[in-house]
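Structure assessment
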Amino acid sequence: PPPTSKQTRLHIMNRFFRLPRHARTITTATSPRAVTRRTHTIFGGVATQRSLLRQHQRSFADASPRESVTVAVPATSANMGPGFDTIGMALNVWNTMTVERSDKLEIHVKGEGHGKVPVDDSNLVVFGVKTAFKHAGEEMPPLRFKCHNRIPFARGLGSSSAGIVAGLLAGLVLSGKEVPVWGSETFLQMACEIEGHPDNVAPAIYGGIQLGMNNGERWISSRVQTPHGLQAIIFIPESIGETKVARAVLPETLTYKEAVYNISRISFLVNALNTNNLYDLQWATQDALHQPQRSAQFSHMKPVIEAAMEAGAHCAYLSGAGPSILALTSSAAGDVFTQRQEERNEQAVADAMAKAAEANGTPGRIFITEPTQRGAHVLQATPSFSDRGRIHLFREAGEV
């Protein structure tokens, strides 16, 4: 459930606004998923929670409320080796969700996570919708949720972030509210306050490869170039990985040597992506902050990464908090199903990863996909967004 203390609610509000210089700082826990303590800024008696909420509500522009909406949100792979809590990549694996007004709360789930994800108001999609309505100054009405999940649940591929972003997007559309992006990234602020960090939610919102950080006043994001022709090969174990457990093994402090190690790698990672210098990815995805510590938890990690590299992958790393391992290859052009296998090596890398996992006694499956430049978006809505007379808005599923 979301945090309910007065102090935490005030913290959630403050992230949306530029604070005066005389604001004071305290150290407090952040989101329900956060496990470290961070420094946040609160008003020293200057403004109340109520006035902050009114100020935030004024940033919402009125549009037309909808009776139903269908949204799509991509999977994401966070950290990409050294970019802990900082960088993530959207993948062409999608959850879709239809939310429609009803006389009672209903949640129907099919696909990944069926029988495992909650079907009550503790589900993150519900929490996301409720948060959107709350920040728009309204109570969430009774709704029916129909979720078709293709993103593996609790495997380090952003299933939680997808739920948060899907809920926020659906809630904004249903409530008939639009939020500013340039100079404020209000949607990102809302998502980060639930998730606690931007590495998954930023690419889930915007697509592509995204950097994210907090500048002391708000969360900001920046797009990194995605080289053409990248293929993502993902080994997904049958066992789930809990973020809370994966974070618990991380050290409280780092040495200068470890800090410099990761600073150099993340610098090379961004440069390699921006310049299409894929050869450097083999070193640019190395890490000293979280992967070595988590290798004891995931015995398959090292052999699967090594197998991917030996088979010709540019790089391989632990996706998010695990347990999935993601490798990147290139040379895909056009539709890969019409391209000669000899020109690509994603199948060889996938086979090598699967064999290494099997030899390690770790059952699982392989996804082969690619990065997507598209983030969360509306597929369909009632009433339609199209002007049926002159202007027709089209997306992958047809007219919106």
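These notes cover the structure that comes with them.

Cut-offs and rules
Residues numbered from 1 in each chain as written. Predicted model: local features only at pLDDT ≥ 70, side-chain atom pairs only at ≥ 80, totals over all residues. Heavy atoms only, no water. Helix = DSSP H or I, 4+ residues; strand = E, 2+ residues; numbered from the N terminus. Buried < 20%, exposed > 50% of the residue type's maximum accessible area, 1.4 Å probe, protein only. Contact = heavy atoms within 4.5 Å. Phe/Tyr/Trp six-rings, centres within 6.5 Å; stacked < 30°, edge-to-face > 60°. Lys NZ or Arg CZ within 6 Å of the ring centre and 35° of its normal. Polar contact = N/O pair within 3.5 Å; in protein donor to acceptor, adjacent residues only side chain to side chain. Pairing = 2+ DSSP bridges. Axes fitted to C-alpha atoms, helices over the stretch in contact; angles between N-to-C directions. Expected span 1.5 Å × (residues − 1). Arc of directions from axis to C-beta.

A few points about the overall build of the protein chain
Within the protein chain, the regular secondary structure consists of 12 helices and 17 strands. The buried share of the protein chain, reckoned over its 400 residues, is 52%. Sequence-distant contacts, at least 24 apart, represent 72% of the contacts inside the protein chain between residues at least 6 apart.

Remarks on the environment of Thr131
Within the fold, Thr131 resides in helix H3 (residues 124–135). Residue Thr131 is classed as buried on the basis of its relative accessible area, which comes to 9%. Considered as a pair, Thr131 and Ile164 are 33 residues apart in the sequence and their alpha carbons are 9.5 Å apart. Not counting residues within four places of it along the chain, the set of residues in contact with Thr131 comprises Leu168, Met190 and Ile194.

As for the packing of aromatic side chains
How two aromatic rings sit relative to each other is given by the distance of their centres and the angle of their planes. Across all of its chains, the model carries one aromatic pair by this definition. Ring geometry for Tyr279 versus Trp283: centroids 5.2 Å apart, planes at 80 degrees, classification edge-to-face. Across from the ring centre of Phe385, 3.8 Å away, lies the NZ or CZ of Arg66, which sits over that ring. Stacked on the ring of Tyr261, the Lys or Arg Arg265 has its end atom at 3.7 Å from the ring centre.

Description of the environment of Arg223
Its place among the elements puts Arg223 in strand S10 (residues 219–224). Relative accessible area serves as the criterion here: at 42%, Arg223 is assigned to the partly exposed category. Separated by 14 residues in the primary sequence, Arg223 and Ile209 have C-alpha atoms spaced 5.9 Å apart. Among residues more than four places away in sequence, those in contact with Arg223 are Tyr206, Gly207, Gly208, Ile209, Gln210 and Gln373. Among the polar contacts made by the side chain of Arg223, one reaches the main-chain carbonyl oxygen of Gly207 at a distance of 3.4 Å.

Section: the sheet that holds strand S12 (residues 315–318)
Taken together, the four strands give an open sheet; going across it, the order is S12-S13-S11-S14, and neighbouring strands pair in antiparallel fashion. Bordering the open sheet on either side are S12 and strand S14 (364–369), each of which pairs with just one other strand. Along the sheet, successive strands turn relative to each other by an average axial angle of 20 degrees, direction set aside. Bridge count between strand S11 (residues 231–237) and strand S13 (residues 325–329): five bridges; the pairing is antiparallel. Paired with Gln231 across the strands is Thr329, a residue of S13.

What to know about unusual backbone geometry
Each neighbour pair has its own omega, and for Gly322 with Pro323 the value is 10 degrees, a cis peptide bond. Within the secondary structure, Pro323 sits in the loop between S12 and S13. Cis geometry is found at the peptide bond from Thr382 to Pro383, where omega equals 0 degrees. Among the secondary structure elements, Pro383 is positioned in the loop between strand S15 (377–382) and strand S16 (394–395). Located in the positive-phi region is Asp85, a residue other than glycine, with phi close to 60 degrees. In this fold, Asp85 is placed in the loop between strand S4 (68–78) and strand S5 (87–101). For Ala154, which is not a glycine, the phi torsion comes out positive at approximately 55 degrees.

Description of helix H12 (residues 346–359)
For H12, spanning 14 residues, the distance from its first C-alpha to its last is 20 Å, which sits close to the expected 20 Å at 1.5 Å a residue. All buried positions along H12 are accounted for by Glu346, Val349, Ala350, Ala352, Met353, Ala356 and Ala357. One side of H12 carries all its buried residues, which in axial view fall inside an arc of 165 degrees. With respect to the buried face of H12, the exposed residues turned more than 90 degrees away are Lys355, Glu358 and Ala359.

Focus: the environment of Pro371
Positionally, Pro371 belongs in the loop between S14 and S15. Residue classification places Pro371 among the buried residues on the basis of a relative accessible area of 15%. For the pair Pro371 and Asn92, spaced 279 residues apart in sequence, the C-alpha to C-alpha distance is 5.8 Å. The contacts of Pro371, once residues within four sequence positions are left out, are Met89, Ala90, Leu91, Thr226 and Leu230.

What to know about the pairing of strand S9 (residues 209–214)
Strand direction decides the pairing type here: S5 and S9, joined by three bridges, are antiparallel. Bridging across to S9, Gly88 finds its partner in Gln210. As paired elements, S9 and S10 share six bridges and run antiparallel to each other. Across the sheet, Ile209 pairs through a bridge with Val224, a residue of S10. In this antiparallel pair of consecutive strands, S9 and S10, the connection spans four residues, and Gly216 shows a positive phi of 95 degrees.

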